[in-house]
Amino acid sequence: MRTPHRMDTQDLPHDRSEHPHDPSEQPRNPDEQPRNPYDELAALDDGPLEETPLEDFLGEGAERRDEQEPQWSPPDHRRGGRRRRNRFAGLPLAMKAVVALVVLAAFVALGDRWAVLYAEHRAADTLKDRLDLAAAPEVEIGGFPFLTQLADKRLESVKVTVPDVAADRVSLAKVSATAHDIRLEADGLTSVRGAHVPRFDGDVLLSFEDLNRELGASQVTFTGEGRDRVRARGTLPVAGHDLRLRAEARIQRQGERGIATEIGGMRLDIGDLATYRPGTRPAEGLHLTAKGSADLSRETRKAKALLSVPAIVQRMGVPEATVREALADDGKLAELTGSPKFARQAERLNLIDLALDNPEVLRRLGLDPNLLDELSGLTRPVLADRLALAFELPKPEQGDVRLDDVRVEEDGIRVRVSGSGLTVGS
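Residues numbered from 1 in each chain as written. Predicted model: local features only at pLDDT ≥ 70, side-chain atom pairs only at ≥ 80, totals over all residues. Heavy atoms only, no water.

> Can you explain the overall build of the protein chain? Please cite residues and give values.
Within the protein chain one finds 15 helices and 13 strands. When burial is assessed residue by residue, the protein chain has 32% of its 426 residues classed as buried. For the protein chain, the proportion of contacts with a sequence separation of at least 24, taken over those separated by at least 6, is 52%. Carbon together with sulfur atoms contributes 52% to the accessible area of the protein chain, which is approximately 28,200 Å² in total. (Helix = DSSP H or I, 4+ residues; strand = E, 2+ residues; numbered from the N terminus. Buried < 20%, exposed > 50% of the residue type's maximum accessible area, 1.4 Å probe, protein only. Contact = heavy atoms within 4.5 Å. Areas by Shrake-Rupley, 256 points an atom, 1.4 Å probe, with all protein chains shown as cover.)

Structural data, given as structure tokens:
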């Protein structure tokens, strides 16, 4: 190390006037030399200076400082912090923009839906008046947005559902059709004069519930039986008597706009005594049931009343000598009526043919003559007409409507329809 420069005492100022007197100082001996302050400093040095390594000095201090407080580093205000502030500062603005867009879209969609509801209501009222319907139909306009379609005068689809449409003798429970690619005749967005329907499709439902009410007067029920058959069961009032009714109807398409029903298996039961089947064939007419013929063979009075009529005996094919013996002897009568052949012959006997000429005999058998008169007029066409389910779709003034398929389902008869070239309005 470099030793400090020692200054000569002559270099120091000796003018005491420049330094005030210190009262603590003792008077000095005149022969004594004045003290040199640098000599005093040198006297304090007992020996040569020992150099302390800077690393040791800094290491001890650093360890001591680490034990006292955590290490501190200055923040960087120019890079990462600035980016974080910019990113978080921009987030609220983006969120506000998104919320604004969502709100705007909601208002636009709400306005468009309101316009659709208004248009559907106006269309329903117009169809009700034009078609003379009892109730306004349900109208559903498809596609989105509606206002742009209206401005373009072209709708993607319109579904119309009309309940309770009269069709001949029955009412159609529901007529539903969807029109596609409708072209509008309109002046602006608020005045629609008419519409052209290039094509449409839909279905018609003839419900069994309506058939029961309209045709059966709540006494005949119709149920599906297979793909094309309907079964009718119930009671039919005839001359004050409730006769059990059974019938089968086959459903088939008739032409392009109608369906026909072929009634078969018609049968009216008069209790357990007789069964009436309308028609002129040998198996049709009024015949005793198996139970009725068995009761006839056991009751002597009924058997004698029946065998006392020559026309009945001839129809049954019983020899006259056998009949005379049976009428004279109850044993012979029981032997004749108890034979299986006699029972079969009695069941084949058509009692309608004998009703007018022998009313008293039929009364003895337990049959009301008035009922037989009514049954004689209840021919197959008449009875079939009471159960007919046929109907035909109306022909439009313009365009074409046709039936595509007829199917019997659980709730009724469903008919698929289609059409083209329809015009609504002007």
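> Go over the packing of helix H9 (residues 320-328) against helix H10 (residues 330-337) with me, naming the residues and quoting the values.
Running from N to C, H9 and H10 point in directions that differ by 125°, and their axes come no closer than 5 Å. When the axes of H9 and H10 are compared, the pair comes out oblique. For the crossing formed where H9 meets H10, the hand is left-handed. Seen from H9, the contacting residues are Thr 322, Glu 325, Ala 326 and Ala 328; seen from H10, they are Asp 330, Lys 332, Leu 333 and Leu 336. Looking at the contact of H9 with H10 residue by residue, the class counts come to 4 nonpolar, 1 polar and 3 charged. (Axes fitted to C-alpha atoms, helices over the stretch in contact; angles between N-to-C directions. Parallel < 35°, antiparallel > 145°, perpendicular 65-115°, else oblique. Left-handed = near helix turned anticlockwise from the far one by under 90°. Nonpolar A, V, L, I, M, F, W, Y, C, P; charged D, E, K, R; others polar.)

> Break down the pattern of salt bridges for me, with residues and values.
Tallied over the full model, the rule gives 21 salt bridges. Measuring nitrogen to oxygen at the nearest pair gives 3.7 Å for the salt bridge that ties Asp 228 to Arg 250. Highlighted residues: Asp 228 in the loop between strand S5 (220-224) and strand S6 (229-238) and Arg 250 in strand S7 (residues 241-254), separated in sequence by 22 residues. With its nearest N and O atoms 3.8 Å apart, the salt bridge here joins Asp 269 to Arg 244. Of this pair, Asp 269 sits in strand S8 (residues 258-270) while Arg 244 sits in strand S7, placing them 25 residues apart in sequence. Its relative accessible area of 3% is what places Asp 269 among the buried residues. A single salt-bridge network, built from bridges that share partners, covers Asp 203, Glu 409, Asp 411, Arg 414 and Arg 416. (Salt bridge = Lys/Arg side-chain N within 4 Å of Asp/Glu carboxyl O.)

> Residue-level account of the environment of Glu 347, with values.
Among the secondary structure elements, Glu 347 is positioned in helix H11 (residues 340-347). Separated by 31 residues in the primary sequence, Glu 347 and Met 316 have C-alpha atoms spaced 9.6 Å apart. Not counting residues up to four positions away in its chain, the partners in contact with Glu 347 are His 287, Leu 288, Thr 289, Ala 290 and Ser 293.

> Would you mind going over a nonpolar patch on the surface in detail, with residue names and values included?
The grouping of Val 99, Val 103, Phe 107 and Leu 110 at the surface amounts to a nonpolar patch, some 410 Å² of accessible area in total. By the secondary structure assignment, Leu 110 is in helix H3 (residues 80-131). According to the relative accessible area criterion, Leu 110 is exposed, its value standing at 56%. (Patch = residues over 30% accessible without salt bridge, like charges linked within 9 Å, V, L, I, M, F, W, Y side chains within 5 Å.)

> Please provide a residue-by-residue account of unusual backbone geometry, values included.
A cis amide bond, omega -5°, links Phe 144 with the succeeding residue Pro 145. Take Pro 145: it is sitting in the loop between strand S1 (138-142) and helix H4 (146-151). Of note in the backbone geometry, Lys 153 takes a positive phi value of approximately 60° without being a glycine. By the secondary structure assignment, Lys 153 is in the loop between H4 and strand S2 (154-167). Of note in the backbone geometry, Asp 181 takes a positive phi value of approximately 55° without being a glycine. Accessibility expressed as a relative area gives 35% for Asp 181, which makes it partly exposed.

> Can you explain helix H14 (residues 369-377)? Please cite residues and give values.
Restricting attention to buried positions, one finds in H14 the residues Pro 369, Leu 371, Leu 372 and Leu 375. In an axial view of H14, the angular spread of the buried residues amounts to 155°, which keeps them on one side of the axis. Where H14 begins, one side-chain oxygen reaches toward the backbone nitrogen of Asn 370, 3.2 Å away; that side chain belongs to Asp 368. (Arc of directions from axis to C-beta. Polar contact = N/O pair within 3.5 Å; in protein donor to acceptor, adjacent residues only side chain to side chain.)

> Got a sec to walk through helix H15 (residues 380-387)? Specific residues and values, please.
Looking only at H15, the buried set comprises Leu 383, Ala 384 and Leu 387. In an axial view of H15, the angular spread of the buried residues amounts to 100°, which keeps them on one side of the axis. Buried positions along H15 lie against S5, S6, S7 and S8.

> Please set out the packing of helix H6 (residues 290-298) against H11 residue by residue, giving values where relevant.
Two numbers describe how H6 lies on H11: the axes approach to 9 Å, and their chain directions differ by 125°. In terms of their interaxial angle, H6 and H11 are classed as oblique. When you trace H6 past H11, the crossing you get is right-handed. Across the interface between the two elements, Ala 290, Ser 293 and Leu 296 of H6 pack against Phe 342, Ala 343, Ala 346 and Glu 347 of H11. Of the residues belonging to the contact of H6 with H11, the class tally is 5 nonpolar, 1 polar and 1 charged.

> Give a detailed account of the environment of Ile 352, specifying residues and quantitative values.
Looking at where Ile 352 falls in the secondary structure, it is placed in helix H12 (residues 352-355). Judged by relative accessible area, which is 18%, Ile 352 ranks as buried. Sequence separation of Ile 352 and His 287 is 65 residues, and the distance between their C-alpha atoms is 8.3 Å. The residues contacting Ile 352, other than those within four sequence positions of it, are Tyr 276, Leu 286, Leu 372, Leu 375 and Ser 376.

> Explain the side chain of Glu 120 residue by residue, including any values.
Here Glu 120 shows up in helix H3. Summary of buried charges: Glu 120 has no salt-bridge partner, and the nearest side chain of opposite charge, Arg 113, is 6.1 Å away. Beyond its immediate chain neighbours, meaning those up to four positions away, Glu 120 contacts Val 139, Glu 140 and Ile 141. (Lys, Arg positive; Asp, Glu negative; His and termini not counted.)

> So what about the packing of aromatic side chains? Which residues, and what values?
The final tally for this structure, using the stated rule, is 1 aromatic pair. Pairing Trp 114 with Tyr 118 gives two aromatic rings, centres 5.8 Å apart and planes at 10°, and the pair type is stacked. In this pair, Trp 114 and Tyr 118 both sit in helix H3, 4 residues apart, roughly one turn of the helix. On the basis of relative accessible area, Trp 114 is assigned to the exposed category, the value being 59%. (Phe/Tyr/Trp six-rings, centres within 6.5 Å; stacked < 30°, edge-to-face > 60°.)

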